[in-house]
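Understanding the architecture of this molecule
Each chain is listed here by its residues.
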Amino acid sequence: MQKPLTETLIKTDATYLVAPAAKPSLWDTVLASLDDVAVQLKLDPGIHAILREPERELTVAVPVLMDDGTLKVFRGYRVQHSSARGPCKGGIRYHPDVDLNEVKGLAAMMTWKCAVVGIPYGGAKGGVQCDPTEMSQNELARMTRRFTAMIMPILGPKRDIPAPDVNTNPQIMAWIADTASMLGGSAMLEIVTGKPLNLGGSQGRKEATGRGVAIVTSEMLRRAGRDLAEITVAVQGYGNVGSNAARILADMGCKIVAVSDVSGGVFNPHGLDLDAMDRGVASHPKRTLDGYASPDVERISNEDLLEIKADVLIPAALEHQIRGDNAERIGARYIVEGANGPTTREADEILNERGVIVVPDILANAGGVVVSYLEWVQDLQNFFWSEEEINRQLQGIMVRSFRDVWDFSQAHGAPMRLGALMLAVDKVAEAVQARGIWP
Amino acid sequence: MVSPHISTQAQASSIEFSLPDASTAAWNAIDGALEFCAANMKLKERDAALALLRCGGDEIRGYFEYGLARQLAEYLAALDTEVRAAYVYDTEATPEDLAFGQVAPTLVHVIILAQRKTSALNSLIVAVDRALTQRYADLMGKPGQAHLLDVQVVSEAEVNSRSGFGAMLTWLHHRPLMVWKR
């Protein structure tokens, strides 16, 4: 039997309530880049002021009855940065260090990302300060359902559509969809994306980000007048994104000369045998590239891979891999950012000076959010496409987005990262302008 | 089963320490991780967790990783006072992609935060990793198919200077989760 509330231990774990760090928050950083772009675009001051504030910030205290009978209160957030271009879209993360400024910053970044690829969404993000390693499945389910109920006033298939992010997954998305459906009294699966396939999820999602990376890479090379059959590619990170990008680029005719994972990398200037490599990885106890050996292959480190003289480098692993201390030695002429934030600001400046073309993460790894959009479209129409159709739609959207960013960057004499952000802000500003201010 | 132990006589203080060797530590760590799975997934016992782990599934694998990393950290911390905390992290390029599961089990990625990095700590990690591999392969009944550790040791100096894997503790998208601290 449940204890009376007064006898239960109410914990707002002090470790979650950390003081703000002395360094600038993510939100400060996002605002600084928006301000830079506003100057370059000669943005209307009124619209600039609108974009400097999230439309809505909802903070909730989520009470959860833990398995041991105690009550714990978790702090949760949902921030909608802009709905000018359509319903807000963005993930929900579970992590002890989530805070409001981080969520605001991530929400704005989703606004720009959706605008860059031209999908009709605004940007949002959410999070709950919790430690999922300490919580049972039942506790996670109860927390997710209560959090959903508490942010439900601002969620909806035409208002705000969450998705998985750090430490959340399709199961958690299924709980959100179920909670919304129960509260609404009718099926509302289209309120989230990233759902399991048998619950309104989309075909093609698993490969979407890697496929998107491959599509923008091939489009960039085409624009640069390069023949794919003559292109060499190095891929750092052989997870879902890196391996799919490598495989699809190889199918397009590129030569994959180097790949790496946590165990290090392999290099063959004449091209790697991806099938043999995958068999080696699958048969190795650690399921890493340690399992692949061939007389033609040279073992290299992750740092070595970045310096290989390949035409294209795809960092598809962790953040901050290309830094001020190694940017001078990057061997590739083109970099396509499969991972989020693999290049530091300092490195970016060095690469620009060296004339290295960088396709920024906001565009290069947007294949995932594009297929999330396609999942939502299918849910709304209650009709589901084949994987071939999903891939065809993804191809069209990524090619168009790449061309838009490339042309805009060329027209403004800006590197692609700046060009992508300028284009995104311009599109959102245009939408705000067109809609006008109500009332 | 009686666990073998290494006994060390600390002569100065005349206190006897009894610490498990790597092989016993591996047994204990995997048992502890399975119990952690059972508790968090409301399974009746450790064996039910093992059966579920053999079948695969993201949920039990997640709990097994947390439990194993925690057990590993406790073992290392008992033997090495430099160890301060342990974190788990993932190497997928974007968090959204991680959510869509992996075809095959991959490594348990662990960051051990130590006051300073020493070769003694590295040797200890190698020994316990080897023992864990063997024990896990036996338990899963799949020799050569074991799911093992990727352990990165970072020093407090590296965290402060945000260099190497030390920088990762403050990253935005690949934010590790602390599973143990001293």
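Remember, predicted model here, so these are calculated numbers, not experimental data. (Residues numbered from 1 in each chain as written. Chains lettered and ligands numbered in written order. Predicted model: local features only at pLDDT ≥ 70, side-chain atom pairs only at ≥ 80, totals over all residues. Heavy atoms only, no water.)

**A closer look at the overall build of chain B**
We apply this condition: Under the scheme used here, helices are H or I runs from DSSP no shorter than 4 residues and strands are E runs no shorter than 2 residues, and both carry numbers assigned from the N terminus. Here the term buried applies to any residue with accessible area under 20% of the maximum for its type, exposed to any over 50%, and partly exposed to those in between, with areas from a 1.4 Å probe on protein chains only. By definition, residues are in contact when any of their heavy atoms lie within 4.5 Å. Where accessible areas are quoted, they stem from the Shrake-Rupley method and a 1.4 Å probe; at the residue level, only the protein chains shown are allowed to cover.
Of the regular secondary structure elements, chain B holds six helices and six strands. Counting from the amino terminus, chain B carries its helices and strands in the arrangement β-β-α-α-α-β-α-β-α-β-α-β. Across the 182 residues that make up chain B, the buried fraction comes to 54%. In chain B, of all internal contacts separated by at least 6 residues, the share reaching a separation of at least 24 is 67%. Summed over its atoms, the accessible surface of chain B is roughly 8300 Å², and 53% of this surface lies on carbon and sulfur atoms.

**Some thoughts on the interface of chain A and chain B**
What counts is decided by this rule: Reported buried area values correspond to the accessible surface (1.4 Å probe) lost by two parts on association, with both partners' losses combined. Salt bridge, as applied in this entry: a Lys or Arg side-chain nitrogen positioned within 4 Å of an Asp or Glu carboxyl oxygen.
The partner chain B presents 45 residues to the 53 residues of chain A that form the contact. Carbon and sulfur atoms supply 55% of the area that chain A and chain B bury against each other, a total of about 4100 Å² over both sides. Summed over the three residues of chain A that lose the most area to chain B, namely T133, R287 and E319 of chain A, the buried surface amounts to 17% of that side. Viewed at the interface, chain B and chain A are joined by three salt bridges. Note that R70 of chain B is salt-bridged to E134 of chain A, the shortest N-O span being 3.7 Å. Residue assignment for the side of chain A that touches chain B shows that the elements contributing at least two residues are α3 (100–116), α4 (137–151), α5 (170–184), α6 (205–223), α7 (240–252) and α8 (274–283) of chain A.

**Observations regarding the confidence of the model for chain B**
Residue and element names in this part refer to chain B. Note the cut-off: Confidence scores labelled pLDDT are given residue by residue by the predictor and lie between 0 and 100.
Per-chain confidence: chain B averages 81 in pLDDT, with 79% of residues scoring 70 or above. Summarising per-element confidence for chain B, the mean pLDDT is lowest in strand β1 (residues 5–10) (41) and highest in strand β3 (residues 83–88) (94). Contacts of residues 1–14 to residues separated by more than four positions or lying in other chains number 22 contacts, the stretch itself having pLDDT below 50. Prediction confidence for the complex, expressed as pTM and ipTM, is 0.87 and 0.77 respectively.

**Some thoughts on the packing of α7 of chain A against α8 of chain A**
Residue and element names in this part refer to chain A. Selection rule: Lines fitted to the C-alpha atoms define the axes, with helices restricted to the stretch that makes contact. Angles between their N-to-C directions range from 0 to 180 degrees. Orientation labels follow simple angle bins: below 35 degrees gives roughly parallel, above 145 gives roughly antiparallel, 65 to 115 gives roughly perpendicular, and whatever is left gives oblique. By definition, any crossing whose near helix is turned counterclockwise from its far helix by less than a right angle is left-handed, and any crossing with a clockwise turn is right-handed. Gly falls in the polar group here, along with every residue not listed as nonpolar (Ala, Val, Leu, Ile, Met, Phe, Trp, Tyr, Cys, Pro) or charged (Asp, Glu, Lys, Arg).
Here α7 crosses α8 at 160 degrees, and the two axes come no closer than 11 Å. The orientation of α7 with respect to α8, classified from their angle, is roughly antiparallel. Considering how the two elements wind past one another, α7 and α8 form a crossing that is left-handed. Contact residues: A246, R247 and A250 in α7; L274, D275 and D278 in α8. Taken together, the residues that form the contact of α7 with α8 break down as three nonpolar, no polar and three charged.

**Structural notes on the side chain of R175 of chain B**
The condition that has to hold: In protein, a polar contact requires one atom able to donate a hydrogen and another able to accept it; more generally it is a pair of N or O atoms within 3.5 Å, and residues adjacent in sequence count only if both atoms are side-chain atoms.
Mapped onto the elements of the fold, R175 of chain B is located in the loop between α6 (156–161) and β6 (177–181). On the basis of relative accessibility, which here comes to 13%, the residue R175 of chain B falls in the buried class. At a separation of 2.5 Å, a polar atom in the side chain of R175 of chain B contacts the side chain of E102 of chain A. Not counting chain neighbours up to four residues away, the residues in contact with R175 of chain B comprise H95, D97, V98 and E102 of chain A.

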